[in-house]
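Below are the chains, spelled out letter by letter.
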Amino acid sequence: MQLVPRQGGGELAEVGAAEQVTEVWLANRRLSEHTRAAYRRDVHAWLRWCASWEKDPLKASFLDVNAYARGLEDQRLAPSTVARKLSGLSSWYDFLIKIRAIDANPVAGADRPNVSRDHSATVGLTPQEVDALLGRAAESGRRHHAVMTLLADLGLRVGELVSLNLDDVGWERGHRTVRFVGKGNKARRRALTPAAAEALDAYLELRGADEGPLFQTSTGARLDRHAIFRLIRRLAAEAGIAAADRLSPHSLRHAFATAARAEGVPLEDVQDAMGHADPRTTRRYDRDRHNLDRDPSYTLAAARARRAQQ
């Protein structure tokens, strides 16, 4: 379909052209394939909703967006999920403004869910549960063990893990490393722990040295995120972890941040390791941040006591 601006105001000649515009919008954004796919789904869901209510998405008002959001909430979606969907939709409308297809963004005036930066719906894991999960993964096979160890020891996003190729594994200044493209299309590198390197080497003995995806299926295809979702839940259930049916690969990422902070790793180092642009995001992952044992008043009191003894 052709994008035909109308003189004096700029409407799309056909509503169906909105999907074509979506692809142009996505092509001009620096996004990972996972984020691009999520945005595409979110826009298409909105377009379907508009079609079901016989509304032109290019003439939608903030009242229409509010009705759509309330419908999402009625589906028992988490507030953070609804907010994310509206955020993507808002970005889409901003693009339509730039190409003069519309004059105003209807999402801008909509009533978005209030999402606390301190809240995360992801189910976390204790260090002991991570140990149990890795123990079960080691019994389940070399590939499973390598996958779970990299997620646990490096706190990688599942998209970062499945995107790894064999030639992304290497050495740098005496460190065994992996290189990948993180969120925002940023090139990143991480050091492998001895346990991760050992698990990966054991898997590579079976995989072989041919090029291609680092983690492959039995047919040589790239292991996908859905397979890893199923894997972590199965292994957790076999390990006797109570919340096994609610876990995700992101649970290991949360556990990484919480354990690192509990062991005294500075917030800035955890932030850099996780690839967060905003330290507030890292703090949200730190499930132990409200532990009263970490109250700085204890540290100050101890320092005062040491001075009094001098």
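Residues numbered from 1 in each chain as written. Predicted model: local features only at pLDDT ≥ 70, side-chain atom pairs only at ≥ 80, totals over all residues. Heavy atoms only, no water.

**Details of the packing of aromatic side chains**
Step number 1: The full count for this structure, using the stated rule, is 8 aromatic pairs.
Step number 2: Judged by centre distance (5.1 Å) and plane angle (70°), the rings of Trp-46 and Tyr-68 are edge-to-face. You can see Trp-46 sitting in helix H2 (residues 33-52) and its partner Tyr-68 sitting in helix H3 (residues 62-74), a full 22 residues away along the chain.
Step number 3: On the basis of relative accessible area, Trp-46 is assigned to the buried category, the value being 0%.
Step number 4: Its relative accessible area of 7% is what places Tyr-68 among the buried residues.
Step number 5: Pairing Trp-49 with Trp-53 gives two aromatic rings, centres 6.1 Å apart and planes at 40°, and the pair type is tilted.
Step number 6: The exposed category is assigned to Trp-53, whose relative accessible area is 55%.
Step number 7: Taken together through their ring pairs, the aromatic side chains of Trp-46, Trp-49, Trp-53, Tyr-68, Trp-92 and Tyr-93 make up a single cluster. (Phe/Tyr/Trp six-rings, centres within 6.5 Å; stacked < 30°, edge-to-face > 60°. Helix = DSSP H or I, 4+ residues; strand = E, 2+ residues; numbered from the N terminus. Buried < 20%, exposed > 50% of the residue type's maximum accessible area, 1.4 Å probe, protein only.)

**Focus on the nonpolar core**
Burial of nonpolar side chains together is a common tendency in soluble globular proteins.
Step number 1: Counting 43 residues, the largest nonpolar core has Leu-133, Val-147, Met-148, Leu-161, Phe-215, Ile-228 and Leu-252 as its most contacted members.
Step number 2: Beyond its immediate chain neighbours, meaning those up to four positions away, Leu-161 contacts Val-147, Leu-150, Leu-151, Leu-156, Phe-215 and Ile-228.
Step number 3: By size, the runner-up hydrophobic cluster in this structure holds 29 residues, among which are Ala-69, Trp-92, Tyr-93 and Ala-101. (Core = buried A, V, L, I, M, F, W, Y, C linked by side-chain atoms within 4.5 Å. Contact = heavy atoms within 4.5 Å.)

**Observations concerning the domain arrangement of the protein**
Step number 1: On domain assignment, one finds that the protein holds domain 1 (15-99) and domain 2 (127-284).
Step number 2: Each of domain 1 and domain 2 was reduced to a C-alpha centroid, and the two centroids are 31 Å apart. (Domains from an automatic or database assignment.)

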